[in-house]
Structure formats: C-alpha cells, structure tokens
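# Breakdown of the fold
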Amino acid sequence: MGVWQLIKSQFICLLLICYVFLVSGLIINLLQLCTLPLWPISKQLYRRINCRLGYSIASQMVALLEWWSGTECNLYSHPESYKYFGKESAIVVLNHNIEIDFLCGWTFCERFGVLGSSKVLAKKELAYVPLIGWMWYHLEIVFCKRKWEEDRRTVAQSLQNLRDYPENFWFLLHCEGTRFTEKKHQISMQVAESKGLPKLKHHLLPRTKGFNITVQNLRGPVTAVYDSTLNFRNNETPTLLGLLSGKKYHGDMYVRRIPMESIPEDEGECGAWLHKLYQEKDQFQEEYSQTGRFPGAVLTPARRPWTLLNWLFWASVLLYPLAGLLVRLVSSGSSATILTTAALCVAVSVGMRWMIGQTEIKKGSSYGNKDAPVNNN
Ligand SMILES: CC/C=C\C/C=C\C/C=C\C/C=C\C/C=C\C/C=C\CCC(=O)SCCNC(=O)CCNC(=O)[C@H](O)C(C)(C)COP(=O)(O)OP(=O)(O)OC[C@H]1O[C@@H](n2cnc3c(N)ncnc32)[C@H](O)[C@@H]1OP(=O)(O)O
Ligand SMILES: CCCCCCCCCCCCCCCC(=O)OC[C@@H](O)COP(=O)(O)O
C-alpha cells in the first residue's frame, strides 16, 4: 500500500469528507428552502436555480468516486447513440445489483452535463434521508410507495409535472424495483415461470407498471430510452464505504439509445417489450461474465474538473472554521464543553453511518422477498 493510499484509508479523512458533505449540504438545503417563494413567480427560474444547488451536493459524491477513490467507469456504446447523450431528455433503464450503481449513473450525468437535473423513480423511504431527500424535494424527484394502487395516481401526476422541465434530464428507472439478492432472484423467477416468461440469470424480473406509466407520461419531451447495463471487473463488489476509504474500482457500463417511437404505446405490448429488453440485458451480462467486455466501443468521456473544484470550494470554506473551533475548544479546557462536543460528533457519525447504510444491500428492504402469489391459470 502506497503512502497516499494509507492516508486515504485513515478514519480522520472519512470524518472530514463527511463533515464537509454534511455542513455544505445543510447550507445548500437552506438555500433551496429560500428559493421556494420563487415558484409562484417563475417556476422555471426556481427549477434552474435548484439544478445548480442540487449539483453542488450530488457532485461531492461524484468527486468522491472520480477524484478521491479514482474509480474508473468505462462507457461502452455506439457512435450513433453517443452523439445524443446530454443533448436530449431520456429515460435510463439500469440493472440494480451494485451498491454504488446510482453513483456510476451520476458520474455519467456529470460528464454529459445533466447531473443537476437528473431524476429517478425512487422509493418513498429515500425522501426522508437528510440532505439527499431534502435536495430531491426541490428537484421534483418522483417517489413511489411500491404499492400500485397508491402510486398510479401520484406517480403519473409527478411525471406530468416534468413535461415542461426547462433543462434536459435523465430519468432513472430501476425496473427490477429492488436490489438483487439470491432470495429475491429465486422468488422473481418463480413469478417469471408462472407468467410463462423465460428465466433471467443476472436480473430480477422487471416490474412493468412503472416503466409503462413513465413512457406514457413523458413521451414527447423525452425522446429516447437509454438501456444501460453496469458491471464491475474481476468480481469487484464496490461499496460507498470502500470509496470513502479511497478504494479504486473498475466499472463498465453499456448504453444503447432506443428512440421513443419504437416503444409500443399499448400497455400490454409495452410490458412485453420491457421483458424482452431484460432478456437482452441478461445476454449482455452473460457476454460480460465470459469475455469481460460489453458490445460496442469504449467511448468514455473524460472526467471534468468541476466536481473537484466544487468540493475544494466547500472544503476551504468549512475546514478553516472547524480547525479554529477545535483549537478554541481544547484551549478552553472545559471538560463539559469537550464532552458535549464529543457527544455531538458521535451523534453526527451515527447519523452519517445510517445514511451510508441506505446504500447497503444487506440492509435493504423486504420488497420482492415474499413468496410469489400462486397463479391458478
Ligand atoms: C450515457 C450514460 C447513461 C446512463 C447513466 C445512468 C444513470 C443516470 C441517470 C439518472 C441518475 C439519477 C438519480 C440517481 C440517484 C440516486 C437514485 C438511486 C436509487 C433509487 C432507486 C429506487 O428507489 S428503486 C425502487 C423504486 N423504484 C421502483 O420500484 C421502480 C420499478 N417498479 C415499478 O415499476 C412498480 O411496478 C411500481 C413501483 C410502479 C409498483 O409496484 P407494485 O409492487 O405495487 O406493483 P407491481 O406491478 O410491480 O407488482 C405486481 C405485479 O408484479 C408481479 N410480481 C409479484 N412478485 C414479483 C416479483 N418478486 N418480481 C416480479 N414481479 C412480481 C405480480 O405478479 C404482479 O404482476 P401483474 O402481471 O399482475 O402486474
Ligand atoms: C461525499 C460524502 C459522502 C457521504 C455519504 C453520504 C451518503 C448518502 C447516501 C444516500 C444516497 C441514497 C441513494 C441510495 C439508492 C439506493 O440504492 O436505494 C435502494 C433502492 O433503489 C432499492 O431499495 P431496496 O428495496 O432496499 O433494495
């Protein structure tokens, strides 16, 4: 292990990165709150400002991936698809078995200039995650309870609101609805069997309702679906904690552009189309597991300096007062003050650990874990 790697793996570095993220995030959330009165006056101005403020939070996590850990994410694609990236709004369909898959998505959003406006159909629980959930409120992220009877109306309404969004956006959909575990895979393959669908080896059976409602409501302003398949080399299992300790991973993402016109409008046909898409994704994953490559050419855009500059800005604003505070604290000699500060630090660390835990598959939900309903047909 080199000296730089040794420094990066120290707990104090992790604490300082989390401190900058937490305090800058709270300041940005506060600024976002202050933009609310703009909504009735100029909705589009409110949205444009919040894209920039959101960028300042999300890009810190991208900086962690790109600059701190030095993780490489290769993009496999085709030149005829590539020329559209960043120049149109699109629905992104991505597999969901890697803890930092959202971050690999974000790194490409950043490189194609759509990070601040990126959207997702997210489970409702994520709306309550401090900083990220609060930021998402102002970015009009679409939340679902994964209870169709409740979601069908609220999700459709939130999607309709995005039709006049003033910036190009990528709307991420994990159609599997939850992260891959062996048990969830087994159960979803029972469902596949009961529906007469071919079994998938590398994916859970996709849920078709969310995809269908998204296509229905965003057709027009959104001009394509980006079918994206992500994997990591050498069976790496990247984690957010790994990134924070400076570990470098090697990801590959295959993205092909599918024009919206080629997606059926009829609900049943659209569902069948999605099942076929996942069968193809499964073949791409199989090819990757055998050859270590996806189809297409490697067309990775270079990382840009903005995420690093944004982080350096916040670090320089926030680390200096922290140092001053610590010096004054120690020199005060008051054990009550020192103990209170230590307790506060522990509480904040526990909170941050809980947030990081949101990305961990072993702490995931039980959605998709229940035995499939018996099909009597
Ligand atoms: C160039 C580079 C390109 C790309 C870069 C990549 C990406 C960047 C883009 C944007 C980034 C933006 C943000 C990223 C940041 C962070 C986000 C991170 C993650 C958050 C993601 C999540 O929270 S995932 C969870 C929430 N989302 C979803 O669930 C979406 C998918 N789900 C659905 O669509 C569902 O249908 C639903 C949620 C709308 C409703 O769910 P519900 O359960 O109520 O209904 P279902 O219809 O799904 O269920 C009933 C039917 O399902 C059958 N069934 C039963 N059991 C199972 C089973 N185990 N598996 C599969 N199917 C099952 C059942 O039989 C019913 O079938 P019917 O035939 O009767 O419909
Ligand atoms: C730069 C400093 C970074 C400090 C760490 C901050 C950590 C905040 C991370 C919160 C981001 C949350 C995004 C998690 C997305 C995710 O992966 O959600 C899972 C859902 O799809 C499915 O859930 P499940 O059904 O449980 O599998």
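Just so we're clear, the structure is a prediction, and the values are computed from it rather than from any experiment.

Conventions used here
- Residues numbered from 1 in each chain as written.
- Chains lettered and ligands numbered in written order.
- Predicted model: local features only at pLDDT ≥ 70, side-chain atom pairs only at ≥ 80, totals over all residues.
- Heavy atoms only, no water.
- Helix = DSSP H or I, 4+ residues; strand = E, 2+ residues; numbered from the N terminus.
- Contact = heavy atoms within 4.5 Å.
- Areas by Shrake-Rupley, 256 points an atom, 1.4 Å probe, with all protein chains shown as cover.
- Lys, Arg positive; Asp, Glu negative; His and termini not counted.
- Charge placed at Lys NZ, Arg CZ, Asp CG, Glu CD.
- Phe/Tyr/Trp six-rings, centres within 6.5 Å; stacked < 30°, edge-to-face > 60°.
- Buried < 20%, exposed > 50% of the residue type's maximum accessible area, 1.4 Å probe, protein only.
- Core = buried A, V, L, I, M, F, W, Y, C linked by side-chain atoms within 4.5 Å.
- UniProt positions renumbered as here; feature names shortened; annotations may be inferred.
- Near = heavy atom within 4 Å.
- Polar contact = N/O pair within 3.5 Å; in protein donor to acceptor, adjacent residues only side chain to side chain.

The secondary structure content of the chain amounts to 14 helices and eight strands. Summarising its shape, the C-alpha atoms of the chain cover approximately 75 × 55 × 45 Å along the three principal directions. For the chain, long-range pairs separated by at least 24 residues make up 79% of all intrachain contacts whose partners lie at least 6 apart in sequence. Put simply, the chain shows about 18,300 Å² of open surface, and 62% of that area lies on carbon and sulfur atoms. Counting 41 positive and 31 negative side-chain charges, the chain places the centres of these two groups 6 Å from one another.

The next point concerns the packing of aromatic side chains. Across all of its chains, the model carries 17 aromatic pairs by this definition. Seen in terms of ring centroids, Phe313 and Trp314 are 5.1 Å apart; in terms of plane orientation they differ by 70°. Their pairing is edge-to-face. Residue classification places Phe313 among the partly exposed positions, given a relative accessible area of 45%. Among the aromatic residues, those joined into a cluster by ring pairs are Tyr76, Tyr254, Phe284, Tyr288 and Phe294.

Attention shifts here to the nonpolar core. Of all hydrophobic cores here, the largest spans 94 residues; its most connected members are Trp106, Ile132, Trp136, Trp170, Phe171 and Phe211. Broken down by element, this core gets its largest block of residues, ten residues, from helix H4 (residues 43-68). When sequence neighbours within four positions are dropped, the list of residues in contact with Trp106 reads Ala58, Met61, Val62, Leu115, Ser118, Ile132, Met135 and Trp136. Counting residues in hydrophobic clusters, the runner-up holds five residues, among them Tyr76, Phe284, Tyr288 and Phe294.

Sequence positions flagged by UniProt for "transmembrane region" (unreviewed entry) are, in local numbering, residues 12-39, 126-144, 311-330 and 336-356. Annotated as residues 12-39, this span is 89% helix and 0% strand, and its ends, taken at the C-alpha atoms, are 41 Å apart. As annotated, residues 336-356 has a helix share of 100% and a strand share of 0%, and its two end C-alpha atoms lie 30 Å apart.

Our focus in this paragraph is the site of ligand 1. Near ligand 1 there are 34 residues, and of these Trp148, Lys195, Lys209, Gly210 and Tyr367 occur at the shortest range. Taking Lys195, its side chain carries an N or O atom lying 2.4 Å from an oxygen atom of ligand 1. Here Gly210 contributes a backbone N or O atom positioned 2.8 Å from an oxygen atom of ligand 1. Relative to its free-state accessible area of 1,500 Å², ligand 1 is covered by the protein chains to the extent of 86%. For the shell around ligand 1, the secondary structure elements donating two or more residues are helix H6 (101-111), strand S3 (119-123), strand S5 (170-173), helix H9 (182-194) and helix H10 (208-218).

Bringing unusual backbone geometry into the picture now. With a phi angle near 50°, Asn234 is a residue other than glycine that sits in the positive phi range. Summarising the element assignment, Asn234 is placed in the loop between strand S6 (222-232) and helix H11 (240-244). A positive phi is found at Asn235, a non-glycine position, where the angle reads about 55°. Residue placement: Asn235 occurs in the loop between S6 and H11.

Taken together, 15 residues lie around ligand 2, and His96, Arg146, Thr178, Arg179 and Ser365 are the ones closest in. Between ligand 2 and the protein, one listed contact pairs an oxygen atom with a side-chain N or O atom of Lys123 at 3.0 Å. Interatomic distance of 2.6 Å between a side-chain N/O atom of Ser365 and an oxygen atom of ligand 2. Protein burial of ligand 2: of its 740 Å² of free accessible surface, 95% is covered by the chains.

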